[in-house]
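# Structural overview
Spelled out from the first residue to the last, the chains are:
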Amino acid sequence: MTRVKAFWTIFLLSLITFALIPPQWLAMKFGWKVQRKLPYLWHRAATSLLGIRISQQGKPEMRRPLLIVANHASWVDITVIGSLKPLSFIAKSEVAGWPVFGLFARLQRTVFVNRTKRSETGQVAGEIAKRMSQGDAMVLFAEGTSNDGNSVLPFRSALLGAATRAVGEGEEVWVQPMSVAYLALHGVPMGRQLRPHVAWYGDMEMADHLWGVLTRGPMDVQITWGEPVLVNAKTDRKALTRQMEDSVRKMTGIALRGGEGQLLEEVTPEVAEEADAAFFSSAQKAGKAGA
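Residues numbered from 1 in each chain as written. Predicted model: local features only at pLDDT ≥ 70, side-chain atom pairs only at ≥ 80, totals over all residues. Heavy atoms only, no water.

## Some points on the overall build of the chain
Counting its regular elements, the chain contains 10 helices and 9 strands. Expressed as a percentage of the 291 residues in the chain, the buried residues total 51%. Here the analysis covers contacts within the chain between residues at least 6 apart in sequence; of these, 76% occur between residues at least 24 apart. When the accessible area of the chain is evaluated, it comes to approximately 14000 Å², of which 58% is carbon and sulfur surface. (Helix = DSSP H or I, 4+ residues; strand = E, 2+ residues; numbered from the N terminus. Buried < 20%, exposed > 50% of the residue type's maximum accessible area, 1.4 Å probe, protein only. Contact = heavy atoms within 4.5 Å. Areas by Shrake-Rupley, 256 points an atom, 1.4 Å probe, with all protein chains shown as cover.)

Written as structure tokens, this is what we have:
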């Protein structure tokens with residue numbers, strides 16, 4: 001029965017996808033405002049069909065320009081976050097070449113970052129600035145890779161720096177932390193051992209993981225919105241990165257531990273610095289979370 005439901009979900013989602021791709025392509029080509037709305041509608045349909053139940057703590061910032069900084073455990077994060085409101089993502093350039101998902105990312109109006117070339121930082125910052133000035137809420141996965149869903153990896157100040165360099169002299173941008181926590185399957189708490197069934201990281205095969213998500217049934221996800229910070233051209237990017245990481249780490253720890261208010265394992269500044277320095281030297285995702 002589970003397999004039948006999975007195939008039915010794929011069929012319905014395929015119909016919706018093929019129906020929305022042409023109008024979204026036209027909307028992007030001609031600059032129609034509906035280009036922000038159509039991906040949001042797709043994600044709403046996808047989360048419903050996949051049985052993803054989303055609860056939210058706190059509220060998203062309504063003022064603009066807005067950069068949302070989140071942790072990252074799975075490709076499922078995209079659908080979960082994308083179903084909350086119209087927004088776009090900042091992703092590594094490799095995603096653009098992925099089968100199917102690369103097309104979806106482009107139709108989502110994703111800004112791609114080449115993490116092997118610092119020289120392209122200015123161009124990326126300019127694109128992010130343009131999009132935010134047009135009113136787009138942009139989402140950045142500041143860890144730079146996904147993990148097993150039980151932790152938060154060091155945030156990359158290089159990534160957050162590229163985004164905040166979009167701020168010109170005399171201009172300000174709101175930066176809001178967001179936590180994504182996977183809590184339950186079929187209403188039963190996942191726990192540390194089961195959570196990686198939802199998380200996608202390391203060298204996991206996309207097809208196998210996608211089928212697993214389709215067949216394992218409904219899941220519960222908690223989104224926690226942190227306090228937004230007003231950033232200007234004088235803001236120290238490393239201090240901002242640390243602040244965002246601490247906020248997301250605390251919110252994720254509270255969600256995973258059932259509101260006990262505990263922090264996840266702390267990451268020392270030295271480890272964060274090493275991770276940030278290594279970010280531009282590797283084009284491959286780490287073999288395991290935290291590597």
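## A closer look at the nonpolar core
One finds I68, V76, I81, M178, Y182 and M219 to be the most contacted residues of the largest nonpolar core, which totals 30 residues. Within the residue set of this core, elements represented by two or more residues are strand 2 (66-70), helix 3 (76-82), strand 5 (137-141), strand 6 (172-185), helix 8 (206-216) and strand 8 (219-225). One finds V69, A142, L159 and M251 within the second-largest nonpolar core, a separate group that totals 23 residues. (Core = buried A, V, L, I, M, F, W, Y, C linked by side-chain atoms within 4.5 Å.)

## Section: the environment of Q35
Tracing the backbone through its elements, the reader meets Q35 in the loop between helix 1 (2-30) and helix 2 (37-50). Here the alpha-carbon distance between Q35 and P23, two residues 12 residues apart in the chain, equals 8.3 Å. Non-local contacts of Q35, meaning those with residues more than four positions away in its chain, are made with Q24, A27, M28 and R109.

## Considerations on the confidence of the model for the chain
Within the chain, residue pLDDT values average 80, and 77% of them lie at 70 or more. Contacts of residues 266-291 to residues separated by more than four positions or lying in other chains number 54 contacts, the stretch itself having pLDDT below 50. (pLDDT = per-residue confidence, 0-100.)

## A closer look at helix 2
When the terminal C-alpha atoms of helix 2 are compared, their 20 Å separation across 14 residues agrees well with the 20 Å that a helix rising 1.5 Å per residue should span. Buried residues of helix 2: L38, P39, Y40, W42, H43, A45, A46, T47 and L50, and no others. In the segment just after helix 2, G51 is the residue with positive phi, at about 75°. (Expected span 1.5 Å × (residues − 1).)

## Description of the side chain of S83
Position of S83 relative to the elements: it lies in the loop between helix 3 and strand 3 (88-92). According to the relative accessible area criterion, S83 is buried, its value standing at 5%.

## Observations regarding unusual backbone geometry
P65 follows R64 through a cis peptide bond whose omega is 0°. Structurally, the position occupied by P65 is in the loop between strand 1 (52-57) and strand 2. Here the phi dihedral of R109 falls at roughly 65°; this positive angle occurs in a residue that is not glycine. Structurally, the position occupied by R109 is in the loop between helix 4 (101-107) and strand 4 (111-113).

## Some points on helix 1
Here helix 1 spans 42 Å end to end across 29 residues, near enough to the 42 Å set by a 1.5 Å rise per residue. In helix 1, a bend of some 30° at I21 exceeds every other bend along the element, and P22, a proline, comes one to four places later. Among the residues of helix 1, A6, T9, L13, T17, L20, Q24 and A27 are the ones counted as buried. Trailing helix 1 by a residue or two, G31 shows a phi angle of about 70°, which is positive. (Bend = angle between axes of the 7 residues up to and from the residue.)

## Let's talk about a nonpolar patch on the surface
Where nonpolar side chains cluster on the molecular surface, the patch consists of W25, L26, F30, W32 and V34 and spans about 500 Å² of accessible area. Along the chain, V34 turns up in the loop between helix 1 and helix 2. (Patch = residues over 30% accessible without salt bridge, like charges linked within 9 Å, V, L, I, M, F, W, Y side chains within 5 Å. Salt bridge = Lys/Arg side-chain N within 4 Å of Asp/Glu carboxyl O.)

## What about the pattern of salt bridges?
Considering all chains together, one arrives at 8 salt bridges under this definition. The shortest N-O distance in the salt bridge between D136 and R109 comes to 2.9 Å. A residue pair is termed long-range when its members are at least 10 positions apart, and D136 in the loop between helix 5 (121-133) and strand 5 and R109 in the loop between helix 4 and strand 4 qualify at 27 residues. With respect to burial, D136 and R109 carry one shared label: buried. Residue R242 is joined to D246 by a salt bridge in which the shortest nitrogen-to-oxygen separation is 3.7 Å. A residue pair is termed a helical-turn pair when its members lie 3 or 4 positions apart in one helix, as R242 and D246 do in helix 9 (residues 237-256) at 4 residues. With relative accessibility at 26%, the residue R242 sits in the partly exposed group. One network of salt bridges, in which partners are shared, links R36, R109, R131 and D136.

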